[in-house]
Amino acid sequence: MTQNVQVNGSYWLQTAPGGAPRPALAEDLDVDVAVIGAGVAGLSAAWELARTGRSVAVLEAGRVAAGVTGYTSAKLTVQHTLVYDRLRRTRGAEGARLYARSQSEAIEHAAGIVAELGIDCEWETRDAYTYVRAQDRVDEVRAEADAAREAGLPASFVTETGLPFPVAGAVKVTGQAQFHPLKYLRALAADLEAQGGLIFEDTTVHGLDEGTPCRVSTGTGASVTARDVVVATHYPVFDRALLFARLSPRRELVVAGTVGADRDIDGMYITPEQNTRSVRTAPLYEAGRRLLIVTGEHFTPGTGDTRERFERLAAWADAHFPGVERTHAWATQDIDPTDTVPMVGPLHPGSHHTYVATGFGGWGLSGGIMAGRLLTAQITGEECAWSGLYDPRRLRTAVREAPSLLRTQAEVARHFVGDRLRPAPPVDSLPPGEGAVVRAGGDRLAVYRDEEGTLHAVSPRCTHLGCLVDFNAAERAWECPCHGSRFGTDGKVVEGPATKPLEQRDI
């Protein structure tokens, strides 16, 4: 598994029928609720809202569930590494309990939907573990087990797991789940449409007028008028509450391959050690085999050698699971809030009919399902016990955890200024399949040389807030280290918050 890791796409996207593409928004539309983004949070919110009898339109820049959700490791668990001890210290015991309850109910709700709709999504009940191998981190794990148990979860401290290597200690939370996220979400989308909901693909949102009613403008020239608008684009494409200052992007790599079913590790595992290692298996239709999924090597987009990181992750998988036959390699992107908890609720302090769901910190499946229910409660005027916990307008916890916020902004400033000062290689030094920000004629250009030797040049300035992009050679994409926008070699937007492509340049 350690040689020549080729990024060849997400297993989930390749094994779930996508159906015919849906049309782009072609004419103006009037609905009760417009949902921007068709990932797990957006689709969950749209589905829940349609069940209340509201007319709903979902606007997706690409294909349904083919963005961040399509690249997840697909664990559905309340155990989010070492979160409960931190919540107990920063939000109090009640905050930790509300977090645990909201995430637990989301998983139970998903199980109910699977049963109600008869979704064949390879649902499996599994225990979840957060483990450490270093003896000096055992106290952390013990404290987490205590905090999780105090929060009402079926958690315990253990030293024995199903992993093929010893651990110093682990938090075990029983009764969690794993599934095929694309099969689940595409079934949810189909049921949404059966209820009269509308889904538009290839429809990029460019503007939001928060009038009465709201108006969403799109790149197709058509617009949607709606009483309520949900922004569920992973990283919000609108920043009207300084959310950008409280969020940081994190990219993580995945390698997957087949193993004998007799080598199933019987659980979902993660460790904060070694720059994160997350491991689970998934069922295959091939008799006697399962898919081993290994995730880790997180980093800020647009920084460092991604190929080297893939090799390091594959080498770890090879060393700990000898003989695994690699079939897939891909990467995903997470958004971390500076104060631990996702932001789900009103978009900014003056919002009356605009809402946001973001900052899931790598746990977007349970978080996205939770967000769908919470936003539906807020839009329909129902009470929800954890509205305050997730409220994006919160300031007290942001101030309390100000060092994290300041570190995030210092890193953005470092890239904004420092990346403009770094040496630029000459164009002639680029081999086929490589890209770099180069100097040409006294100007900086983001230049990619394709396999035939042809050069493709675009502006290196991210169209979001103007930071300089860098090239990810493993995935052949331009990435912004400030807020995580990603672009193809032709400059087209792959991932937001940017909504406009990099400008084409002559070379």
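Provided above is the structure to which this section pertains.
Residues numbered from 1 in each chain as written. Predicted model: local features only at pLDDT ≥ 70, side-chain atom pairs only at ≥ 80, totals over all residues. Heavy atoms only, no water.

Quick notes on the overall build of the protein
Here is the rule we go by: Strands are runs of DSSP state E lasting at least 2 residues, helices are runs of H or I lasting at least 4, and numbering of each runs from the N terminus. Radius of gyration here uses only the C-alpha atoms, and the compact-globule reference equals 2.2 Å multiplied by the residue count raised to the power 0.38. Exposure is judged per residue with a 1.4 Å probe applied to protein chains only, and the accessible area is read against the type maximum: over 50% gives exposed, under 20% gives buried, and values in between give partly exposed.
Across its full length, the protein carries 11 helices and 25 strands. Taken against the 2.2 N^0.38 rule, which gives 23 Å for 507 residues, the C-alpha radius of gyration of the protein at 22 Å falls within 12% of a compact globule. Considering only C-alpha atoms, the protein reaches an extent of 65 × 55 × 50 Å along its principal axes. Here the protein, with 507 residues, has 58% of them falling under the buried criterion.

Section: the environment of Met 370
Along the chain, Met 370 turns up in helix H8 (residues 364-380). Judged by relative accessible area, Met 370 falls into the buried class, the value being 2%. Separated by 192 residues in the primary sequence, Met 370 and Gln 178 have C-alpha atoms spaced 16 Å apart.

Examining the nonpolar core
Counted only if it meets this: What we call a nonpolar core is a set of buried Ala, Val, Leu, Ile, Met, Phe, Trp, Tyr and Cys residues that are connected through their side-chain atoms within 4.5 Å. Residue contacts are counted whenever heavy atoms from the two residues lie within 4.5 Å of one another.
Formed by 82 residues in total, the largest nonpolar core has its most connected members in Tyr 84, Tyr 184, Val 344 and Tyr 390. The element best represented in this core is helix H4 (residues 92-117), accounting for nine residues. Dropping the residues within four chain positions of it, Val 344 is found in contact with Val 356, Ala 357, Phe 360, Met 370, Ala 371, Leu 374, Leu 375, Gln 378, Tyr 390, Asp 391 and Pro 392. Counting 27 residues, the second-largest nonpolar core is a separate cluster that includes Val 259, Phe 299, Ala 314 and Ala 317.

Brief notes about helix H2 (residues 40-51)
We apply this condition: Expected span, for any helix, means 1.5 Å times one less than how many residues it has.
Taking 1.5 Å per residue, 12 residues should reach 16 Å; H2 reaches 16 Å between its end C-alpha atoms and fits that length. Buried residues dominate H2, accounting for 11 of its 12 residues. When H2 is considered as a whole, its buried residues turn out to be Val 40, Ala 41, Gly 42, Leu 43, Ser 44, Ala 45, Ala 46, Trp 47, Glu 48, Leu 49 and Ala 50. Where H2 terminates, the next one or two residues include Gly 53, which has phi positive at roughly 95 degrees.

A short note on the sheet that holds strand E22 (residues 477-479)
Stated formally: DSSP-based pairing: two strands are paired if at least 2 bridges between them are found.
In space, the four strands of this open sheet follow the order E21-E22-E23-E24, with antiparallel pairing throughout. Unpaired on one side and paired on the other, strand E21 (470-472) and strand E24 (493-495) mark the two borders of the sheet. In the sheet, E21 pairs with E22 via three bridges, with the strands oriented antiparallel. Among the inter-strand pairings, Asn 472 is bridged to a residue of E22, identified as Ala 477.

Some points on the sheet that holds strand E19 (residues 443-449)
Strand order in the open sheet formed by four strands is E18-E19-E20-E25, with antiparallel pairing between adjacent strands. The strands lining the two open edges of the sheet, one partner per strand, are strand E18 (434-440) and strand E25 (504-505). The sheet contact formed by E18 and E19 spans seven bridges and is antiparallel. Paired with Ala 440 across the bridge in E19 is Asp 443.

Considering unusual backbone geometry
The peptide bond linking Thr 212 to Pro 213 adopts the cis configuration, its omega dihedral lying at 5 degrees. Residues Gly 496 and Pro 497 are joined by a peptide bond in cis, for which omega reads 25 degrees. Tracing the backbone shows Pro 497 in the loop between E24 and E25. The backbone of Arg 476 shows a phi angle near 50 degrees, a positive value even though the residue is not glycine. With respect to the secondary-structure elements, Arg 476 resides in the loop between E21 and E22. Residue classification places Arg 476 among the partly exposed residues on the basis of a relative accessible area of 35%.

Points about the environment of Ala 74
If you trace the backbone, Ala 74 turns up in the loop between strand E2 (56-59) and strand E3 (75-76). Along the backbone, Ala 74 and Asn 472 are 398 residues apart, and their C-alpha atoms lie at a distance of 24 Å.

Some remarks on helix H7 (residues 306-320)
What counts is decided by this rule: Between N or O atoms, a polar contact is any pair within 3.5 Å; within protein, one atom must be a potential hydrogen donor and the other a potential acceptor, and residues adjacent in sequence are included only when both atoms are from side chains.
Between the first and last C-alpha of H7 there are 21 Å, a value that for 15 residues agrees with the 21 Å anticipated at 1.5 Å per step. Packing partners of the buried residues in H7 comprise strand E4 (124-132), strand E11 (247-260), strand E13 (277-283), strand E14 (289-299), strand E15 (325-337) and E21. Two or three places before Arg 307, at the start of H7, stands the capping residue Asp 305, its side-chain oxygen 2.9 Å from that residue's backbone nitrogen.

Things to note about the packing of aromatic side chains
Using the following cut-off: Centres within 6.5 Å are what make two rings of Phe, Tyr or Trp a pair, Trp counting through its six-membered ring; a difference in plane orientation under 30 degrees is then read as stacked, over 60 as edge-to-face, and the rest as tilted.
Taken as a whole and assessed by the stated rule, the structure comprises 11 aromatic pairs. When the centroid spacing of 5.7 Å and the interplanar angle of 35 degrees are considered together, the rings of Tyr 448 and Phe 471 count as tilted. In this pair, Tyr 448 sits in strand E19 while Phe 471 sits in strand E21, placing the two residues 23 residues apart along the sequence. Just as Tyr 448 is buried, Phe 471 falls in that class too.

Regarding the side chain of His 483
Looking at the element boundaries, His 483 is found in the loop between E22 and strand E23 (486-487). A relative accessible area of 5% places His 483 in the buried class.

A short note on the packing of H2 against H8
Two measures define how a pair of helices packs: the angle their axes make with one another and the distance between the axes. As a reminder, the rule being used: Where helices are involved, their axes are fitted lines through C-alpha atoms of the stretch in contact, as for all axes, and angles between N-to-C directions lie from 0 to 180°. Whether a crossing is left-handed or right-handed is set by the direction in which the near helix is turned from the far one by less than a right angle, anticlockwise for left-handed and clockwise for right-handed. Basically, the charged four are Asp, Glu, Lys and Arg, the nonpolar ten are Ala, Val, Leu, Ile, Met, Phe, Trp, Tyr, Cys and Pro, and anything else, Gly included, counts as polar.
Contact geometry for H2 and H8: axes closest at 8 Å, N-to-C directions at 35 degrees. At the point where H2 passes H8, the crossing takes the right-handed sense. Residue-level inspection shows Val 40, Ala 41, Ser 44, Ala 45, Glu 48 and Leu 49 of H2 in contact with H8, the latter providing Gly 364, Leu 365, Gly 368, Ile 369, Gly 372, Arg 373, Leu 375, Thr 376 and Ile 379. Considering only residue class, the contact of H2 with H8 consists of eight nonpolar, five polar and two charged.

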